[in-house]
Amino acid sequence: CFTRPLYELPGPRGLLRGFPRGGDWELFIADPDNAVARALREAAETRERHALGPSSSVTTALDALVSRNILARSGGGLEFENPYFRHWILREAVRR
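What counts, and where the lines are drawn
- Residues numbered from 1 in each chain as written.
- Predicted model: local features only at pLDDT ≥ 70, side-chain atom pairs only at ≥ 80, totals over all residues.
- Heavy atoms only, no water.
- Helix = DSSP H or I, 4+ residues; strand = E, 2+ residues; numbered from the N terminus.
- Buried < 20%, exposed > 50% of the residue type's maximum accessible area, 1.4 Å probe, protein only.
- Contact = heavy atoms within 4.5 Å.
- Expected span 1.5 Å × (residues − 1).
- Salt bridge = Lys/Arg side-chain N within 4 Å of Asp/Glu carboxyl O.
- Phe/Tyr/Trp six-rings, centres within 6.5 Å; stacked < 30°, edge-to-face > 60°.
- Pairing = 2+ DSSP bridges.

Engineer: Would you mind going over the overall build of the protein with me for this structure?
Structural biologist: Tallying secondary structure elements over the protein gives 5 helices and 2 strands in all. The order of α-helices and β-strands along the protein, N terminus first, is α-α-α-α-β-β-α. The buried share of the protein, taken over its 96 residues, is 12%. The contacts in the protein between residues at least 6 apart in sequence include a share of 17% that link residues at least 24 apart.

Here is the structure:
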């Protein structure tokens, strides 16, 4: 189940780029392989693959990491405040 509105998804312009100018929205959205459906499927698969839980839980966890200065919002995304911490996380993830 998707709980985030379309306008909250990253890159809505790119998602809708496949919608033809003057096209029929109903036909576009009915196509199971349209850009919006693909993006939603990929988001759900990513959450499932990494056992992330509902998007609200992910958002809450990311907000907590930002408030603790572990992550910083940058250019519409997130990055580690400390590049060494990023390196440590990646190294630990590979060990498991």
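Anyway, onward from the coordinates.
Engineer: In this structure, what is going on with helix α3 (residues 35-49)? I would like to understand it.
Structural biologist: Residues spaced three or four apart along an α-helix face the same direction, because each turn holds 3.6 residues. Here α3 is 15 residues long and its end C-alpha atoms lie 21 Å apart, about the 21 Å a rise of 1.5 Å per residue gives. When we look at burial in α3, the residues that qualify are A35, V36, A37 and L40. Just beyond α3, the residue with positive phi is A51, at close to 50 degrees.

Engineer: I keep staring at unusual backbone geometry and nothing clicks. Help me out?
Structural biologist: Glycine aside, residues mostly have negative phi, and peptide bonds are mostly found in the trans state. Although it is not a glycine, N69 adopts a positive phi angle of roughly 60 degrees. Secondary-structure assignment places N69 in the loop between α4 (55-67) and β1 (71-74).

Engineer: Looking at this model, I keep getting lost on the pattern of salt bridges. Mind explaining?
Structural biologist: Close approach of charged atoms allows side chains with opposite charge to pair. The final tally for this structure, using the stated rule, is 1 salt bridge. Here D63 and R73 are joined by a salt bridge, their closest N and O atoms 2.4 Å apart. Separated by 10 residues along the polypeptide, D63 in helix α4 and R73 in strand β1 bring together distant segments of the chain. Residue class for D63 comes out partly exposed when judged on its relative accessible area of 37%.

Engineer: Can you help me understand the packing of aromatic side chains in this one?
Structural biologist: The relation between two aromatic rings is expressed through the spacing of the ring centres and the mutual angle of the planes. Evaluated as defined, the whole model comprises 2 aromatic pairs. Between F80 and F85, the aromatic rings sit 5.7 Å apart at their centres with planes inclined by 70 degrees, giving edge-to-face as the arrangement. For F85, a relative accessible area of 32% puts it in the partly exposed group. Ring centres of F85 and W88 lie 5.8 Å apart, and the angle between their planes is 15 degrees; on these two criteria the pair is classed as stacked. Remark: W88 and F85 occur in helix α5 (residues 83-95); sequence separation between them is 3 residues, near one turn of the helix. Linked through ring pairs, F80, F85 and W88 together constitute an aromatic cluster.

Engineer: Looking at this structure, I do not really get the pairing of β1. What am I missing?
Structural biologist: Residues in a regular strand point their side chains to alternate faces of the sheet. Direction of pairing for β1 relative to strand β2 (residues 77-80): antiparallel, over a ladder of 4 bridges. Bridging across to β2, R73 finds its partner in L78. Where β1 hands over to β2, the hairpin turn is made up of 2 residues, of which G75 adopts a positive phi near 55 degrees.

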